Every structure is written in C-alpha cells, then in structure tokens.
Amino acid sequence: MADEHRTSLAGPVVPAEDAGEAGGPEQLPERRPAEVMRELLPAIEPERRLNDWGRSERVEGFMDRTLVEFFYRYWFRVEVEGIENVPSESGALLVSNHAGALPPDAAMIGKAIREEHPTPRPLYITVEHFFKGYPGFSMLIPKTGCVAAHPANVHRLLYDERQLVLVFPEGRKGTEKLYRDRYRLRRFGRGGFVEAAMRAEAQLVPTCVVGAEESAPIFGHMNAMKRLTGLLYFPITPTFPWLGPFGMLGYLPAKFKIRFLEPIDTVELGGAEAAEDKALVQTLSQEIRAQIQESLHEMLARRKSVWLG
Amino acid sequence: MAGLTELASPEDTATRRVLVTGLSTYWGGRLAQALESFEHIDAIIGVDNEAPTRELERTEYVKVSNQHSLLERIVRAAEIDTVIDTRLVVNSLMAPPRLAHENNVIGTMNILAACTGSDSPVRKVVFKSSTHYYGAEQDDPAFFTEEMSRPHPPRTGLERDILEAEEAVSEFAQRNPSVAVTVLRCANVLGPDVDTAFTRMLRLPAVPMVLGFDPRLQFVHEDDVVHALEHAAFHVTPGIYNLAADGVLALSEVIDLVGKVPLPILPPWGTGAATGLLRRLGFRIPDEVVNQLRFGRGIDNRLFKATGFTYGYTTRETVIKLSEHLRLAPVMRGTDQEYTYEREVEEFLRWSPHVRRSREHPEDAEPLGF
C-alpha cells in the first residue's frame with residue numbers, strides 16, 4: 001500500500017534549460033514576463049457550469065432570457081448608439097454613469113453588448129464588496145457576472161483574461177443621489193479605474209446611460225432603517241419600501257438610451273509605465289467624466305419625453 | 001534511474017543530504033518516502049518527537065523535540081545541505097492552541113536557528129506554509145498573489161501563528177542571503193489519505209454551509225503537494241509560492257461533485273456561536289475555515305507553474321478523486337494495514353550486516369562471480 005503513495009519521478013521533472021535559469025541562491029525569484037504568466041492561466045474545464053470567478057452560464061442565461069429580456073425589450077425599450085466603439089477583442093474598461101436605487105444600468109449595458117454587438121462578449125460588472133458579505137446576494141451576484149471592485153480583480157480581467165469590464169467610478173455616491181440631482185455626475189473617486197486600465201494597457205470606453213435615473217428615482221433616505229438592516233442605503237422610491245423587498249424591482253418604464261463613446265487608447269498615453277503618473281491619471285479621469293457629462297447633456301437636450309424617448 | 005539523474009540540472013544534484021522536520025506528520029512521512037526514490041540523495045534524516053507513521057526504507061529517524069542546540073548538532077554532524085520543514089500545523093483541530101503555537105512559532109524559530117551561522121552547511125530551506133496566511137474576508141481580491149498580504153489582521157490564533165512563522169522565515173532569509181529559502185503556501189488539501197478540515201467535512205453525509213453563501217474554494221491534491229515539496233527541494237528559485245490546483249469551485253459545485261447534500265445550517269449572523277454549538281455535537285469545523293465557508297478564497301497559482309511545476313490534478317479532478325475514494329471506502333474497509341514504527345526492527349533493517357540490500361533493489365544486484 002505504501003508504494004502506491006510514493007510519488008513517481010515521472011511527474012514534475014523540469015526540462016534542464018528551465019531549471020538553468022534559476023540563478024544563484026542570492027537572487028530573489030525573477031518574475032517572468034507578464035505575457036508568460038498570462039499563458040499559465042488555468043485552462044477552462046468544459047464540464048463545469050461555473051467559471052473561476054463564480055460566474056454561472058446557467059443562472060446568467062436564465063436571467064437573460066426572462067427578467068433582463070423583459071426589461072430590455074419591453075419595459076425600458078433600450079436604444080443603443082455607438083456599439084462599434086466596444087472592442088470585439090482584447091480587454092476594455094467601460095466607464096459609465098450610475099443611477100437608480102437598485103441600478104438597472106449594468107444589466108442593460110451587458111444585455112446591449114450581447115444583443116447588438118457583432119461579436120457578443122460577456123461583460124464583467126464591478127460591484128462593491130459589500131455584496132459579498134450580504135447573505136443571498138453573495139450567492140447570486142457572482143453568478144451573474146459581477147466581481148468585487150478590487151484593483152487586482154480588474155487587472156486580471158483586463159490584462160490576463162482580456163475581458164470586458166464595466167466600472168462605475170461614482171460608485172455608491174451615484175446610486176444614492178436624490179432625484180433632484182439626476183444626471184449630475186458625482187466625483188470619480190481617485191481615478192483608480194484609469195490606473196487599472198493603464199496598467200493593463202486596456203482601452204477605456206466612456207459610456208452614457210439615459211433613463212436609469214427616472215426608472216428608479218430616490219426621493220429620500222431612511223437612515224434609521226439603513227442602520228437596522230445593514231444595507232448600503234435605505235431609499236424611498238415610488239415602490240420601496242412600500243411593496244417590500246421586491247419594490248426594489250419596481251422600475252418605472254422610462255425610455256433607456258445607451259451611448260458608447262470613442263474608446264481611449266491607454267497604450268498611446270504611455271501604457272503601464274504612465275500608470276504611476278498621478279497627474280496624468282487624474283487628468284484623464286476628469287476628462288472622461290467631462291466627456292460623459294457633456295454627452296449626457298446632449299442626449300437629455302434631444303430627449304422629448306422621459307417615457308417615449 | 002541513471003536517465004533521471006542525467007536530466008537533473010547541476011542545482012538539482014546539489015541537494016544531497018536532506019533533513020525533513022516533522023517526520024511523523026503526514027507530509028513529513030510522504031516527503032521522506034518520495035525522497036528515498038531519488039538515487040542522488042545520499043542521506044535523508046527525519047526529526048520529530050514522535051515515531052514515524054509511514055514505512056520508510058533508508059530515512060533515518062532521530063527523536064528530538066524542537067531544541068535548536070540538538071537540531072544544530074544533527075545538522076552539522078550530518079552536513080545537511082537542505083532542510084525541508086513540513087511540520088506547520090494548519091488545522092486548529094489537529095492540536096490544542098497552545099501546542100499549535102509552540103510548534104508553529106517556537107518550533108519554526110528553533111529550526112531556523114539550527115540553520116543559522118556562517119559555517120552552517122545548510123544552503124537551502126523549504127518551508128511549507130498555508131494559504132490561511134491570506135485569511136478570508138469580504139474585501140479580498142478574487143485571486144491572491146504571493147506579494148499580497150491579508151487586508152485585515154488575523155482573526156484566529158492559528159492564522160496569527162502562521163503569520164508569525166512566515167515572518168520568522170522571511171527574517172531568516174534576509175539575514176542569511178547565502179541560504180535559498182522557499183516558502184510554499186498550500187491551499188486546502190484534499191485527497192484520499194490526508195486528514196484535513198475539508199476532507200472531514202466532505203465525508204459527512206450532509207455538508208454544512210453558511211445560509212446565503214456559496215464561497216469560491218480552491219484545493220490541491222495531496223500528491224501534488226508532495227511533488228511540489230520535492231520540486232522545491234530540487235529546482236525552485238528562492239521566494240514565496242502559492243500552491244493551489246487550477247480552477248476555483250463554488251462550494252455547491254464541490255458538494256455536487258462529491259454527491260452529498262448541502263446543508264445550510266450555519267446562520268449568516270452569529271456563525272461563530274453556531275459552530276461552537278455544532279462542535280459540542282461532534283460536528284467540528286475549525287475556526288479558520290468558518291470564514292472560508294462564508295467568503296471563500298481564490299489563489300493565483302501561476303508563479304509556481306512558471307518555475308516548471310505541473311499539477312497532476314485540477315481542483316475539480318481533486319474533488320472527483322476524493323469522491324471516488326469516499327465511494328470505495330466502505331468496500332475497501334480493513335484491507336489497509338496500519339504501520340507501526342518498531343525501533344529495533346528498523347535499526348536491524350538499516351544496520352545489520354545480515355540484511356542483503358540486493359534483495360530490496362534487485363535491479364542493482366550484480367551477478368556475483370560471473
């Protein structure tokens with residue numbers, strides 16, 4: 001029996017030239033070039049229903065065919081502009097404005113890429129890590145393609161896996177703003193998203209969403225309830241909390257318009273080396289914010305009706 | 001055998017006299033067995049304060065507790081060039097907290113002290129650590145890489161001990177630049193033979209989960225860990241490496257593969273109190289795993305692969321291997337013979353002039369007189 005457990009020599013024998021690179025014992029481990037590390041990513045196992053991020057084709061497919069389909073086609077009647085600005089390969093970071101008590105914009109952008117793009121690609125949505133700690137949510141959120149907004153996660157997705165990632169730099173400040181502040185972009189954090197994209201040498205695609213603000217307007221906040229439930233915020237909307245938790249899904253049928261702006265090539269701006277340049281990162285972050293704000297104003301000026309577009 | 005020694009790089013053959021600490025632990029025993037098959041290794045010496053639990057052919061067992069003066073004498077007397085430290089306790093159920101601390105922190109310091117000194121023969125130290133180093137928290141990255149540290153201070157005594165032990169190792173590495181120090185942080189190990197928190201949990205008819213959570217988990221097969229220790233002894237450049245199989249599985253996926261029933265009995269709030277209650281009922285889940293059951297942990301294993309190591313199993317295959325073993329276990333019960341160490345027998349086999357070595361290695365035997 002003992003022999004069976006003896007490890008054979010046949011397994012992990014390194015080719016001689018590989019071990020030769022090891023160098024003297026004084027040297028610290030030499031990081032291989034990042035491209036080599038990319039090739040060492042785990043292979044996809046087709047038998048699995050989940051990927052390594054916890055994304056489930058089954059759950060996502062089901063949501064896509066039912067709830068998301070209904071809202072996309074019939075409720076919000078989403079119109080898409082500039083889909084050609086979303087690259088069909090290589091990593092890209094979509095940067096969008098954010099709104100709504102339970103924001104519907106992320107799901108609609110994901111659906112728009114699946115529906116309209118010539119080569120439909122999965123979209124990874126960065127969310128606050130708050131959701132990972134909330135029972136129930138923590139099971140559902142990763143299965144629908146959401147990942148925690150950690151710089152390391154964004155880098156792996158953009159650089160190593162060359163995926164599409166959606167980020168809302170306004171974060172919670174965008175979703176909790178009141179109806180009277182609609183379409184006024186909040187501060188864009190510290191520009192971490194620009195830094196992540198530059199490090200990964202991925203394109204930045206500014207994205208504008210019109211309609212989300214009116215679909216789930218927030219009229220006020222109940223701070224006592226927020227503390228009691230441990231939620232990020234406890235909003236008062238036309239349907240929440242009056243209809244219970246499902247009131248969060250009680251969206252008004254506002255007409256949605258999504259516009260993808262010209263992508264920004266971070267390689268031209270200096271790529272990974274320039275990511276250290278805080279001034280450049282801040283400037284670029286401000287520029288993207290201004291672009292989205294300007295484009296939003298233009299879209300709003302042309303909109304005849306909130307409900308009919 | 002000759003073919004394999006040719007394959008080995010110069011670095012490879014420089015490892016000739018090995019000290020394995022924690023010989024009576026699962027990893028110490030497995031590693032010593034594996035090292036015995038390498039012809040170019042002249043001496044394998046195992047130390048522990050308990051007798052070995054696995055049958056060994058040429059490994060010499062020295063009973064010694066973590067006393068650095070004694071260890072140092074052994075190291076110098078045997079001219080040990082490579083020390084492989086496998087003795088870290090990474091499961092708080094395996095030893096009471098005080099013993100675990102004694103072993104993990106004080107023990108590590110003593111072993112490192114035994115390798116210190118400008119005239120020390122030791123030129124390589126391999127330290128088996130654990131990915132409990134990273135913890136499991138809400139704001140973790142989805143994949144931990146080696147240069148990351150945990151975002152919050154450790155929650156359990158065991159995690160604190162592992163951090164302290166690793167700190168001691170990195171301090172040793174800085175002070176002794178002539179010694180190549182390799183740290184392997186192992187993910188949760190699964191396998192038919194090894195006894196870990198997760199193998200215990202997956203043996204239960206229903207697997208406990210925290211209600212409302214489906215954590216991402218990554219395992220590594222027991223054989224891959226032994227291979228990795230071997231690989232670290234012969235090839236790897238110094239540094240810290242994660243050891244985890246390819247693929248991160250959700251706990252629900254794992255339970256499904258093993259063919260068990262998920263049992264979400266742990267409440268999302270007051271989980272600690274609930275596990276305390278379960279422990280009294282004999283349903284033992286170690287503290288450091290409770291957080292993993294909530295937030296999970298993903299490991300980036302690419303750096304070790306970049307050194308030329310290949311894993312035999314993916315995480316999924318590891319789980320499938322375990323499930324096959326679990327299904328066979330009732331059929332195979334009782335066929336496996338327990339090994340007990342008998343000092344006199346072992347010494348006879350190693351040193352008696354009446355033992356004919358050629359019988360053990362018939363391929364080496366030279367036909368006498370022809």
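Note that the structure is a prediction, hence the values are computed from the model and not measured.

Focus on the overall build of chain A
Now for step 1: When you go through chain A residue by residue, the secondary structure sums to 13 helices and nine strands.
Now for step 2: Looking at chain A as a whole, 40% of its 309 residues qualify as buried.
Now for step 3: Contacts spanning at least 24 positions in sequence make up 76% of the contacts within chain A whose residues lie at least 6 apart.

What to know about the overall build of chain B
Now for step 1: When you go through chain B residue by residue, the secondary structure sums to 15 helices and 13 strands.
Now for step 2: For a compact globule of 370 residues, the expected C-alpha radius of gyration is about 21 Å, and chain B comes in at 21 Å, within 12% of that figure.
Now for step 3: In terms of overall dimensions, chain B has a C-alpha envelope of 75 × 50 × 35 Å along the principal axes.
Now for step 4: Classification of the 370 residues of chain B by burial places 50% in the buried group.
Now for step 5: The contacts of chain B with a sequence gap of at least 6 include a subset with a gap of at least 24, amounting to 81%.

Details of the confidence of the model for chain A
Now for step 1: Of all residues in chain A, 90% have pLDDT values of 70 or greater, and the mean over the chain is 87.
Now for step 2: The low-confidence segment residues 1-29 of chain A, where pLDDT is below 50, has 54 contacts with residues more than four positions distant or belonging to other chains.

Brief notes about the sheet that holds strand β3 (residues 123-127) of chain A
Residue and element names in this part refer to chain A.
Now for step 1: Within the open sheet, the seven strands sit side by side as β1-β9-β6-β2-β5-β3-β4. Their pairing is mixed. Looking at the sheet topology across the chains shown, the edges are occupied by β1 (79-81) and β4 (146-148). Across this sheet, the average inter-strand angle for adjacent strands is 25°, counted without regard to direction.
Now for step 2: As defined by bridge partners, strand β6 (residues 203-210) adjoins strand β9 (residues 257-260) across four bridges and the pair is classed as antiparallel. Counterpart to Val-209 in the pairing with β9 is Ile-258.

Side note on the sheet that holds strand β5 (residues 124-130) of chain B
All names here are of chain B.
Now for step 1: Taken in spatial order, the seven strands make up an open sheet running β3-β2-β1-β4-β5-β6-β11, and their pairing is parallel. Looking at which strands have only one partner, the edges of the open sheet turn out to be β3 (60-63) and β11 (239-243). Strand after strand, the sheet turns through a mean of 20° between neighbouring axes, direction not considered.
Now for step 2: Here seven bridges tie β5 to strand β6 (residues 180-186), and the two strands are oriented parallel to one another.

Quick word on unusual backbone geometry
Now for step 1: With omega at 0°, the peptide bond leading from Phe-240 of chain A into Pro-241 of chain A counts as cis.
Now for step 2: Within the element layout of this structure, Pro-241 of chain A appears in the loop between β8 (235-236) and β9.
Now for step 3: Even without a glycine there, the phi angle at Arg-77 of chain A is positive, about 45°.
Now for step 4: You can see Arg-77 of chain A is positioned in the loop between α4 (57-75) and β1.
Now for step 5: Overall, Arg-77 of chain A belongs to the partly exposed group, with 17 C-beta atoms counted inside 10 Å.
Now for step 6: A positive phi angle, near 50°, is found at Glu-79 of chain B, a position not held by glycine.
Now for step 7: Mapping Glu-79 of chain B onto the fold places it in the loop between α4 (68-77) and β4 (82-85).

Re the packing of helix α7 (residues 151-160) of chain A against helix α9 (residues 192-199) of chain A
All names here are of chain A.
Now for step 1: Here α7 crosses α9 at 35°, and the two axes come no closer than 9 Å. Of the two possible hands of crossing, α7 and α9 adopt the one that is right-handed. On the side of α7, the interface is formed by Pro-151, Val-154, His-155 and Leu-158, while α9 contributes Gly-192, Ala-196, Ala-197 and Arg-199.
Now for step 2: The class makeup of the residues in the contact of α7 with α9 is five nonpolar, two polar and one charged.

Describing the packing of helix α5 (residues 97-115) of chain B against helix α6 (residues 157-175) of chain B
All names here are of chain B.
Now for step 1: Close contact between α5 and α6 brings their axes to 9 Å; oriented N to C, the two are set at 0°. Between α5 and α6, the angle falls in the class roughly parallel. The residues of α6 that touch α5, namely those facing Pro-97, Ala-100, His-101, Asn-104, Val-105, Thr-108, Met-109 and Leu-112, are Gly-157, Leu-158, Asp-161, Ile-162, Glu-164, Ala-165, Ala-168, Val-169 and Phe-172.
Now for step 2: Looking at the contact of α5 with α6, its residues break down into eleven nonpolar, four polar and two charged.

A short note on helix α9 (residues 251-258) of chain B
All names here are of chain B.
Now for step 1: The buried count for α9 comes to six of eight residues, which makes it a mostly enclosed element.
Now for step 2: Among all positions of α9, only Leu-251, Glu-253, Val-254, Ile-255, Leu-257 and Val-258 are buried.
Now for step 3: For α9, the secondary structure elements touched by its buried residues are α7 (197-203), β8 (206-210), β9 (216-217), β12 (249-250), β13 (261-266) and α13 (315-332).
Now for step 4: One or two residues past the end of α9 sits Gly-259, with phi positive at roughly 75°.

Some remarks on the pairing of β9 of chain A
Residues and elements named next belong to chain A.
Now for step 1: Where burial is concerned, the two faces of β9 agree: the one with Lys-257 and Arg-259 and the one with Ile-258 and Phe-260 are both buried.
Now for step 2: Pairing of β1 with β9, which is carried by three bridges, proceeds in the parallel orientation. Bridge pairing in β9 places Glu-79 opposite Lys-257.

Some words on the confidence of the model for chain B
Residues and elements named next belong to chain B.
Now for step 1: The share of residues in chain B with pLDDT of 70 or more is 93%, and the mean pLDDT across the chain is 89.
Now for step 2: Confidence, expressed as mean pLDDT per element, reaches its minimum in chain B at helix α1 (residues 2-7) with 32 and its maximum at strand β10 (residues 219-221) with 97.
Now for step 3: Across residues 1-11, where pLDDT falls below 50, the model places 15 contacts with residues more than four positions away in sequence or in other chains.
Now for step 4: Note on residues 364-370: pLDDT is under 50 here. Beyond four places in sequence and across chains, it has two contacts.
Now for step 5: For this predicted complex, the interface confidence reaches an ipTM of 0.87, while the overall pTM sits at 0.87.

Notes on the environment of Ala-136 of chain B
Residue and element names in this part refer to chain B.
Now for step 1: On the secondary structure map, Ala-136 appears in the loop between β5 and α6.
Now for step 2: The sequence separation of Ala-136 and Ser-37 amounts to 99 residues, and the corresponding C-alpha distance is 38 Å.
Now for step 3: Residue contacts for Ala-136: discarding those within four places in its chain leaves Asn-291, Gln-292, Phe-295, Gly-296 and Arg-297.

Remarks on the environment of Pro-141 of chain B
Now for step 1: Inspection of the secondary structure assignment puts Pro-141 of chain B in the loop between β5 and α6.
Now for step 2: Taking the C-alpha atoms as reference, Pro-141 of chain B lies 40 Å from Arg-17 of chain B; in sequence the two are 124 residues apart.

Thresholds, definitions, all that
- Residues numbered from 1 in each chain as written.
- Chains lettered and ligands numbered in written order.
- Predicted model: local features only at pLDDT ≥ 70, side-chain atom pairs only at ≥ 80, totals over all residues.
- Helix = DSSP H or I, 4+ residues; strand = E, 2+ residues; numbered from the N terminus.
- Buried ≥ 20, exposed ≤ 12 C-beta atoms within 10 Å, placed from the backbone.
- Contact = placed C-beta atoms within 7 Å.
- Rg over C-alpha atoms; globule rule 2.2 N^0.38 Å.
- pLDDT = per-residue confidence, 0-100.
- Pairing = 2+ DSSP bridges.
- Axes fitted to C-alpha atoms, helices over the stretch in contact; angles between N-to-C directions.
- Left-handed = near helix turned anticlockwise from the far one by under 90°.
- Nonpolar A, V, L, I, M, F, W, Y, C, P; charged D, E, K, R; others polar.
- Parallel < 35°, antiparallel > 145°, perpendicular 65-115°, else oblique.

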